[in-house]
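Each chain, letter by letter, is given below.
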Amino acid sequence: MALSPSTPVPFEVLDAAHGPPGTPAFYRIHAGSNVKYLVTKKPVLYGMPDIRGERLSFNTIPGGDWNIANLVPDPNQGGRLIVASVEKRVLPDVGHRWCSSEVEMFHYKDALHPSSTEELQLSAYLPAAVFPSPGNLGVSRSLAFWHWQFDPAPWLACESHIHSLIQGHGIALRFQGHITENLSRVIGFLLEPVAARGADIGDIRLCEGVLKKLHGLGIAHGCIQRSSFLILEDFQTALLQHFHSSFETIDQHTLDREMSSIEEALRKPLPVRHEYSDEIREQLTSVQERDGYIHPLLSWQAEHEGVITVTQDEHKVMLRKFEEQGHRWTAEDTEKALRSREENNGRWVSLS
């Protein structure tokens, strides 16, 4: 809808993001009691996301019942962005609603520092954080996983769906509820953290037992790794996590093959996480500015190996394939990439 005279409303930039070159950039803002979005229809933003809103030429927005404002560059202001039009659009949910408990995302502002065991339970997704739990949930802390961008988040939708099938069966962390935006759109979910450690080969019987429970419901985990298992403090109970690749199946061969993969998975060392050095941060920023965005594998290597060895040409090939996959990347994809590197003498991809 075209702009019409209305009372201007101040706003706060909550977050900003942009995807590959040629795709829209987004600002997620809070105005009044609602979350709204500012969207560029052309690829006018490059480099790191503008989380401070420095490329915006305005500090108020039009009032009214809309949730998307379309931005265009103003040549009279050096290309800074102005609002061209606003519209009301139905934004996609992250998975279907199946749990009666819901918590509004805007209530979560200050994340808590995760414990070492909570870090194990947060490791599969970004963004993810530990937040104080709302009083109605009956616990003090919650693990939050969310995705507010407009593109589908099939990994989170799959995780939520699998939890709807296994809740109450003693297989995984308890699903606490959906995270909502503007009391309507589902953008994520909450899980209840537990005191636990990672699994090792000595826990193989416990791990086989919990996977057998999952298989008994006709579900394959889809990506068994050592980090897929948690061992509770009683040392008698294992739980599964990371259901982004899980699927329903009655094919016994598939289930048996997955069960037989546990021993190999448990013998592998857990990945070591590295804090980003100033040099790594500069490299990532340089790649972002050069190529428009960063392939998830670069972030993984920086975090787990403390270096970046992907060349510029390799990164371009990886980004092209990433786009063909619909910008979806899982832990299983990382495993495949690591095996490919071993088989190709340290090269991540074939450039021929």
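Notes on the structure in this doc start here. All figures in this text were calculated on a predicted structure; none of them were measured in a lab. (Residues numbered from 1 in each chain as written. Predicted model: local features only at pLDDT ≥ 70, side-chain atom pairs only at ≥ 80, totals over all residues. Heavy atoms only, no water.)

### Observations concerning the pattern of salt bridges
Two side chains with opposite charge may pair up if their charged atoms get near one another.
1) Next: Here the structure, examined in full by the defined rule, presents 13 salt bridges.
2) Next: A salt bridge links R197 to D203; its shortest N-O distance comes to 2.9 Å.
3) Next: In this structure R197 comes out as partly exposed when scored by relative accessible area, which is 29%.
4) Next: Two residues, E263 and R267, come together in a salt bridge whose shortest N-O distance is 3.1 Å. Within this pair, E263 and its partner R267 are both found in helix α5 (residues 262-267), separated by four residues, close to a single helical turn.
5) Next: Taking the relative accessible area as the measure of exposure, E263 reaches 38% and is therefore partly exposed.
6) Next: Here R267 falls in the exposed class, since its relative accessible area comes to 56%.
7) Next: Shared partners join several salt bridges into a network, and the residues in it are R28, E181 and R185. (Salt bridge = Lys/Arg side-chain N within 4 Å of Asp/Glu carboxyl O. Buried < 20%, exposed > 50% of the residue type's maximum accessible area, 1.4 Å probe, protein only. Helix = DSSP H or I, 4+ residues; strand = E, 2+ residues; numbered from the N terminus.)

### Considerations on the environment of Q77
1) Next: Relative to the elements of secondary structure, Q77 occurs in the loop between β6 (68-74) and β7 (80-87).
2) Next: On the accessibility criterion, Q77 (34% relative accessible area) is partly exposed.
3) Next: Residues Q77 and L56, 21 residues apart in the sequence, show an inter-C-alpha distance of 10.0 Å.
4) Next: Those residues in contact with Q77 that sit more than four places away from it in its chain are S57 and I82. (Contact = heavy atoms within 4.5 Å.)

### Describing the environment of S123
1) Next: Among the structural elements, S123 can be located in the loop between α1 (116-122) and β9 (128-132).
2) Next: S123 gets classed as partly exposed once you look at its relative accessible area, which sits at 30%.
3) Next: Residues S123 and H242, spaced 119 residues apart in sequence, show a C-alpha to C-alpha distance of 8.9 Å.

### Focus on the packing of aromatic side chains
Given two aromatic rings, one states the distance between the centres and the angle between the planes to describe the pair.
1) Next: This structure, assessed with the given rule, holds eight aromatic pairs.
2) Next: Directly above the ring of W66 sits K36, whose terminal nitrogen or CZ lies 4.3 Å from the centroid. (Phe/Tyr/Trp six-rings, centres within 6.5 Å; stacked < 30°, edge-to-face > 60°. Lys NZ or Arg CZ within 6 Å of the ring centre and 35° of its normal.)

### Comments concerning the pairing of strand β15 (residues 229-232)
1) Next: Burial of the side chains of β15 extends over both faces: F229 and I231 are buried on one face and L230 and L232 on the other.
2) Next: The pairing of strand β13 (residues 196-198) with β15 spans three bridges and is antiparallel. Note that in β15 the partner of R197 across the bridge is I231.
3) Next: The sheet contact formed by β15 and strand β16 (residues 238-240) spans three bridges and is antiparallel. Counted as the bridge partner of L230 is L239 from β16. (Pairing = 2+ DSSP bridges.)

### Quick notes on the sheet that holds β15
1) Next: Within the open sheet, the three strands sit side by side as β13-β15-β16. Their pairing is antiparallel. Of all strands in the sheet, those with a lone pairing partner are β13 and β16, marking the two edges. Each adjacent strand pair in this sheet contributes to an overall mean axis angle of 35°, direction not counted.
2) Next: Along the sheet face, helix α3 (residues 204-216) touches β15 and β16 and points at about 45° away from the line of β16. (Axes fitted to C-alpha atoms, helices over the stretch in contact; angles between N-to-C directions.)

### Thoughts on the side chain of D203
1) Next: For D203, the location among the structural elements is in the loop between β13 and α3.
2) Next: Not counting residues up to four positions away in its chain, the partners in contact with D203 are R197, G198, I231 and L266.

### Things to note about the nonpolar core
1) Next: Counting 21 residues, the largest nonpolar core has I166, I171, L214, F229, L240, F243 and I262 as the members making the most contacts within it.
2) Next: Elements represented by at least two residues in this core include exactly α2 (154-166), α3, β15, β16 and α5.
3) Next: The element contributing the most residues to this core is α3, with five residues.
4) Next: Not counting residues within four places of it along the chain, the set of residues in contact with L214 comprises I166, I171, I219, A220, H221, L240 and F243.
5) Next: By size, the runner-up hydrophobic cluster in this structure holds 20 residues, among which are V39, A144, W146 and F150. (Core = buried A, V, L, I, M, F, W, Y, C linked by side-chain atoms within 4.5 Å.)

### A short note on the packing of α3 against helix α4 (residues 252-260)
1) Next: The geometry of α3 relative to α4 is characterised by a closest axis approach of 10 Å and an angle of 165° between their N-to-C directions. With respect to each other, α3 and α4 are oriented roughly antiparallel. Considering the relative orientation of α3 and α4, their crossing is right-handed. Counting all contacts with α3, which are made through E208, L211, K212 and H215, the residues of α4 involved are L255, E258 and M259.
2) Next: Grouping the amino acids of the contact of α3 with α4 by side-chain chemistry returns three nonpolar, one polar and three charged. (Parallel < 35°, antiparallel > 145°, perpendicular 65-115°, else oblique. Left-handed = near helix turned anticlockwise from the far one by under 90°. Nonpolar A, V, L, I, M, F, W, Y, C, P; charged D, E, K, R; others polar.)

### A word on the pairing of strand β10 (residues 141-146)
1) Next: The element β10 is largely enclosed, with a buried count of five among its six residues.
2) Next: Note: β10 against strand β12 (residues 185-191), four bridges, orientation antiparallel. Looking at β12, one finds that W146 is bridged to G188.

These figures come from the coordinates and say nothing about function on their own.
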